[in-house]
Structures are given as C-alpha cells and as structure tokens.
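A structural walkthrough
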Amino acid sequence: MLGAVLVGALVSGDEFGRLTTLTLKPRALFDYEKPEITATLTPPLYLDQDTTQKQLVLSDEGYEDINPIYEGSVIDLKVTGTKWAPKVLLSDGSKVAFEQVGDNEFIASTQINTQTSWALMQGSYKIGEWPIIVIDDREPEIDHFTIEEYENDKGYLAFKVDVDDDRKLMNASIAIQDQNGNQEEIKPLAIRNVRSINSIYYADFSGSLLSGETADIVLSIEDEAGQKTTSILKDILIPEKVYEHPVAGNLIDLRLELMEPSYDKKRILRHLKALGLLGEKEGLPAVYYMALRSAYWRLANPTEENDVVTARDLLWDTAQTLENNGIGVIESDLLAALDELRLAIRQKQEVLEIREKLRTADQLFKDYSFIASQDISNRYDLEIDIKALRRLYSYILAFSDQKKFYNSSLIVDFMEKGLVQNDDLIFSRDGLGNYFALTESRQIIDNLIKIQKTLLASSYNEQMTSKITSKRSNLNEDKKEDNKKNQIALQEKVGAAVKMLGDKISFSGSTSGFLINNASDLIEEILSSMKKSDTAEVTQSQSELIAVMSNLKRVLNKPVSRSPELQNILKEINSKPVS
C-alpha cells in the first residue's frame, strides 16, 4: 500500500507542483509567459507531399494555425518556455500526453483523421485552441462503365472504363461476380499512378464456368489511401469460345469439370492419362506432354493446397498453346503490352520510356504477324504490314513529344480495336493514312456530286428548252454547240477525277471498286450521249451516276463511322507530325 502511494506521489509530483504554484500565484493576478509552439506537419506517405514546419506565433487574435491538413497527417508538436507539461485535447475527446526532452521543453505527436479542432491544455487551463481544416481525400469515382458492341469471335468483351480520383488511382480490375458477391476470373487493368483514365479494355472470360451464360461483371478501383469503389454491370452474356483444335477442346472440357464443386476424379485422371499417350502423328509439342504429366500428378497426389487450381491452370495454358499455334496467347500478351504502353502515355512519361514500351509491343506484333501469316484460322486472319505499323509508332512518339498525350493514347486504342476485330485497314500498307484517304475521298465525292448535279440541271434545262422552243437562227445553234463543248469538257474532268479517286481508295475493298467501275462506265455513256446530243440519255445516266457516287460515299464512311475514337485524331492531325 505504501509503495502505491509513493508511486502515485512521484507520478503526480509535476501536477502537484503546478497546482501549488497556481494556488499561491493565480493566473488572474499574475502574468505567466506564453510558451512557444512549433508544429511539424507530415502528410501521409502515399501523397508524396513535403513535410511542413511552422511556429505557431501568438498575436492579439491568438496563435497562428497550420491548416489545411490532409486526412491521416501526423502533427509533431514541440512546446518550450513552460515548466509544466501540457496535453493535447482533440475534438473527439482523445488526449495526448507530452514527453519532457529538456529543460522546459516538451514534445508530442498525434494523427489527424476526422477531428475538427485541437487544443493545448495545462490542467483545466487552455493555452490555445486551433481549428482543423481537413483536405478530404475523396473516394475514387467511376464515371462510366459500360460494355461496348465490339463484335469478335475470340471471346473478348470490350468495356468502356472512365475513372478518376482527386489524388491517384493505384489499382483496378474487372471480374465476374456471383450471387453471393464473390469474385472470380479477376482481370487486373493497367490503371495505376494516374489521376484519371478513359479507355476501352478487353477481357476474356471464356475460361469461366459461366461461359455461355449471363453473369454480373464488377469493376473495382482503388486509390492511394486504399479507398475502393465498385460498379456492376448486370446480366452480361459471357462468351463461349469454340475450340478448333480437338485436343485443346478436350483439355478445356476437363478443366471445366475440375471447376465444378464435385467432380469425378477417377474419370478425369483416366482422360488425362489417355491424352498423355497420344502419339507423334498428332504433332503435339513436348511441352504438351510435360504439362499433362504435371497436371495428372497434382490431381492424383496433391501435396499443396492449390494443386488442383494449378492443374486447372496447366490445362488452360496448354489448350491455348495448342489452339491456332498459340496465337491467342500472343494476342493476349500483345493487348496487355499495348495497355501498358497507353498507361505510360497517360502517365506522361518521357519519350524514351514510351519508346521502350513500343519495343516490347513491336516484338509481339512480329510474333503475331509471323503466325497469322500461316493461314492457321479465319479467327486470326489479320494481315499486318510492319512498315505501316512503324508509321503508327511514329505518330505515337511525335504526339507524346508534343505533349498531346490524349491523341497518342487514342492511336493505341485504335490499334487494340484493330487487333480484336481483325481490322486490316488500320494495319495494312498505309495504316492510319488509309483513314485519312477515306475522309479526303468522301470530301472529293461531295464535290463531284455537286458538279454532277450542276451538269444534270444543265442537261435537263437543255432537254426542256429543245422541246419548247422551235428552231431559230444559226446564232442559237452556235451557242448550243459551245455549251455542249463546255459540258463535255467538265464531264471529262469528272471522269478523270473518278479515276484518280479509284486509285486513292484501291485498298478499301471490292464493293467500292465495283462502284468506281460502275461510275466510270456511266461517265463513258454520258460522254457518248453528249456527243450525239441525246439529252434524254444524258440526263438518265447522270441521275444514275449521282446515285452511284452517293452509295460510294456511304461505303467509304463505314470504316470511319465505326471508329468514333478516330474523329479526334483526324481533327488534330492537319499535317503529319513525322515526315
């Protein structure tokens, strides 16, 4: 008992001395020197902000403050010029004691979260009180999350993702979510260390047990502070991939069985053993037999908790390697590399770093092009002209160097879309130039249609005049002959322009080629009829020519109209950034 009293006396000695002094010399009658207060503010590490130090000077209006303060910041306080240790009293009722580190010198530290004010106390006496103005760290926002109608038979779903944060986004993923809120087939997205991003992302969920059925898709994003936001798309049809390679199809069937809550282990092992005994005539690579042997033993004699999951993954990877000579795996890696390239652009990295990302993608493009050239499948029949591809690289680097990062990322978006949808136009000989040619060609057609309508009106007026008026002087005949020569000359210019247009859009397909040939034939008929002064035939053929050119314009508009993201690029590029 005596020991407890002695300890209590020691602990409370400083407070006892303060109370004794104030009893003999109350504050109301005696002046006490105001302590000096120094505050050091350290924002959370993830904000990458500098530490701030400030002396809270006393004035007639009270002490200065150190606002504003980021939520989660730490305030280190040093109080000098007082004999008695103060305490920090926070608005949430919590108290922080000071530690004495020297004569009349005390330090304390506290974290600011949701408090609205703090005070420095000595007993019941308040040395000062300060408001806390917290800079809120908002939760990350999902402004747009929709599924896009990008038709393909490779199993990809295309998602429009538009997200932002007041500080930085650090993680993002897309996954299938079941009725209990559990996520599976989680696909990480290349979204990190950026404040915002707005792009198309592709995900292949065809390996899910829910392939061929509808399911919910959830987008999850996380900021630097660990705050998470999610958005869910309801009842999305999960693509079901049909395998052309029979052995690959068998492996996928076994994998799906292993994903069921209960499965016939013996039956699956028998099938794995049989598939592992396939002979050389099947043309299977050595890695196939190694993978099946590993999957068999992991399933037959599991030694690790995740052996069954590993066996499933081996079956999936092996099937992808067999299917179409593994080009699907290369394409998936290529899309991931382009995602990383776009992220580097949106992070506004230096051109050298962006060039390194392009080199990684370029090697995958070459691998992809080599296998695709072997006519392995209609599913992967994209023809890539490497020179045109490098031309696209030059646009990306030039825009990045000009700090036009959004335009650079749009070209990457366009390349990804070309891969998924086998768009030969973007990767063919002139690449992006094809789209410029199409846009210019539509403008040329507009002008030709206007000229042709003028010629049609002139021919129609001549036809009507010849019916109404009788023959007059030779002067009128001379005037008509001059008018006919002018019309023939103008029509010949239209014919020459149509021929040049045909050369300009020769890459655009058989339909446009047929329409160009049709237009050329009609122009020949019009010129022949003009020379014969057969105005009825002229007006008929000219009307048909206008209809043909209108159809041609619609055909040429389809590739551009299907690619609205290209419009911003076309508006931006008035002259080529790289010669």
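The shown structure was predicted, so the numbers you read here are calculated from the model rather than taken from an experiment. (Residues numbered from 1 in each chain as written. Predicted model: local features only at pLDDT ≥ 70, side-chain atom pairs only at ≥ 80, totals over all residues. Heavy atoms only, no water.)

1. Describing the packing of aromatic side chains
Going by this rule: Here the aromatic set is Phe, Tyr and Trp, taking the six-membered ring for Trp, and pairing holds for ring centres within 6.5 Å; pairs whose planes are under 30 degrees apart are stacked, those over 60 apart are edge-to-face, and all others are tilted. Two conditions define a charge located above a ring, namely a distance within 6 Å from the ring centre to NZ of Lys or CZ of Arg, and an angle within 35 degrees of the ring normal.
Inspection of every chain in the model, using the stated rule, returns six aromatic pairs. Put simply, the rings of Y150, Y156 and Y202 pair up and form one aromatic cluster. Note that R342 overlies the ring of Y201, its terminal NZ or CZ placed 4.5 Å from the centroid.

2. Concerning the sheet that holds strand β2 (residues 52-55)
What holds strands together in a sheet is hydrogen bonding between their backbones, with the strands either parallel or antiparallel. Just so we agree on the cut-off: Criterion used throughout: strands pair if DSSP finds at least two bridges between them. Runs of H or I in DSSP of at least four residues are treated as helices and runs of E of at least two as strands, each being numbered from the N terminus. Where helices are involved, their axes are fitted lines through C-alpha atoms of the stretch in contact, as for all axes, and angles between N-to-C directions lie from 0 to 180°.
Read across the open sheet, the five strands follow the order β2-β1-β6-β10-β9; overall the sheet is antiparallel. Two strands bound the open sheet, and with one partner strand each, they are β2 and β9 (99-102). Looking at each pair of strands side by side, their axes are set apart by 20° on average, direction ignored. Two elements, strand β1 (residues 36-42) and β2, share four bridges in a ladder whose sense is antiparallel. Along β2, the bridge assignment pairs L41 with T52.

3. Quick notes on the pattern of salt bridges
Our working definition: Salt bridges are defined by distance alone: a side-chain nitrogen of Lys or Arg within 4 Å of a carboxyl oxygen of Asp or Glu. The buried label applies to any residue whose accessible area, calculated with a 1.4 Å probe on protein chains only, is under 20% of its type's maximum; exposed applies above 50%, and partly exposed to all values in between.
Under the defined criterion, the tally for this structure stands at 17 salt bridges. In this structure, K187 and E185 form a salt bridge, with 3.5 Å as the shortest nitrogen-oxygen distance. Notably, a salt bridge pairs R359 with E356, separated by 2.5 Å at the nearest N-O pair. Of the two residues, R359 and E356 both sit in helix α8 (residues 351-372), three residues apart, roughly one turn of that helix. The exposure class assigned to E356 is partly exposed, which follows from its relative accessible area of 42%.

4. A short note on the confidence of the model for the protein
Selection criterion: pLDDT: the predictor's confidence for each residue, scored from 0 to 100. Whether two residues are in contact is decided by their heavy atoms, any of which lying within 4.5 Å being enough.
Averaged over all residues, the pLDDT of the protein equals 83, while 85% of them reach at least 70. Across residues 1-11, where pLDDT falls below 50, the model places zero contacts with residues more than four positions away in sequence or in other chains. Note on residues 574-579: pLDDT is under 50 here. Beyond four places in sequence and across chains, it has nine contacts.

5. Examining the sheet that holds strand β7 (residues 87-90)
Strand order in this open sheet of four strands is β8-β7-β11-β12, and the pairing throughout is antiparallel. Taken across any chain shown, the strands that pair with only one partner, and hence form the sheet edges, are β8 (95-97) and β12 (125-131). On average, each strand axis in the sheet is tilted by 20° relative to the strand beside it, whichever way the strands run. Bridge analysis of strand β11 (residues 117-122) against β12 gives six bridges, and the strand direction is antiparallel. Bridge pairing links M121 to K126 in β12.

6. What to know about the side chain of N324
Within the fold, N324 resides in the loop between α6 (307-322) and α7 (327-346). Contact partners of N324, with chain neighbours within four places excluded, come to E244, I371, I376, S377, R379 and Y380.

7. Some remarks on a negative patch on the surface
Rules: Each patch groups residues whose relative accessible area exceeds 30% and which form no salt bridge, using 9 Å between like charges and 5 Å between nonpolar side chains of Val, Leu, Ile, Met, Phe, Trp and Tyr. Accessible surface is estimated by sampling points in the Shrake-Rupley manner with a 1.4 Å probe; for residues, cover comes only from the protein chains shown. When charges are counted, Lys and Arg are positive and Asp and Glu negative, with His and the chain ends excluded. To locate a charge, take NZ of a lysine, CZ of an arginine, CG of an aspartate or CD of a glutamate.
A cluster of acidic side chains, namely E492, D521, E524, E525, D534, E537 and E544, defines a negative patch on the protein surface. Those elements that place two or more of their residues in the negative patch are α14 (510-531) and α15 (535-561). Of the residues forming the negative patch, the biggest block, three residues, is contributed by α14. Relative to the helices and strands, E492 is located in helix α13 (residues 474-504). Looking at E492, the relative accessible area reads 41%, which means it is partly exposed.

8. Topic: α6
The condition that has to hold: How far a helix is expected to stretch is found by multiplying one less than its residue total by 1.5 Å.
The end-to-end C-alpha distance of α6, which contains 16 residues, comes to 23 Å, matching closely the 22 Å that a straight helix rising 1.5 Å per residue would cover. What α6 keeps buried is the set D307, A311, L315, W316, T318, A319, Q320 and L322. On its buried face, α6 is in contact with α3 (246-258), α4 (265-275), α5 (286-300) and α7.

9. A look at unusual backbone geometry
That bond from N67 to P68 is cis: its omega, -10°, falls within 30 degrees of zero. If you trace the backbone, P68 turns up in the loop between β4 (62-63) and β5 (69-70). Phi at N324 takes a positive value of approximately 55°, unusual for a residue other than glycine. Given the relative accessible area of 9%, N324 is considered buried. For N325, which is not glycine, the phi torsion reads 60° and is therefore positive.

10. Here's the deal with the environment of A175
Here A175 lies in strand β15 (residues 156-177). Accessibility expressed as a relative area gives 0% for A175, which makes it buried. Linking A175 and K187, residues twelve residues apart in sequence, is a C-alpha distance of 6.0 Å. If we skip the residues at most four places from it in the chain, A175 touches Q183, E184, E185, I186, F205, D216, I217 and V218.

11. What about α8?
With 22 residues, α8 extends 30 Å between its outermost C-alpha atoms, agreeing within 8% with the 32 Å of an ideal straight helix rising 1.5 Å per residue. Considered for burial, the residues of α8 that qualify are V351, I354, L358, A361, D362, L364, F365, Y368, S369, I371 and A372. At its buried positions, α8 is contacted by α7, α9 (386-401), α10 (405-420) and α11 (424-427).

12. Considerations on the environment of I330
Assignment of secondary structure puts I330 in helix α7. For I330, a relative accessible area of 16% translates into the label buried. Separated by 41 residues in sequence, I330 and I371 have C-alpha atoms that sit 9.5 Å apart.

13. Section: the nonpolar core
Quick note on the threshold: By nonpolar core we mean a set of buried residues, namely Ala, Val, Leu, Ile, Met, Phe, Trp, Tyr and Cys, connected to one another through side-chain atoms within 4.5 Å.
If you look at the biggest cluster of nonpolar residues, it comprises 42 residues, and the most contacted ones within it are L338, F365, Y368, I396, M415 and F427. Every element with two or more residues in this core is listed here: β15, β17 (194-204), α7, α8, α9, α10 and α11. Sequence-distant contacts of I396, defined by excluding residues within four places in its chain, comprise L341, I345, I354, L358, S408, I411, V412 and M415. Core analysis: the second largest hydrophobic core is formed by 27 residues, V498, I523, I526 and L556 among them.

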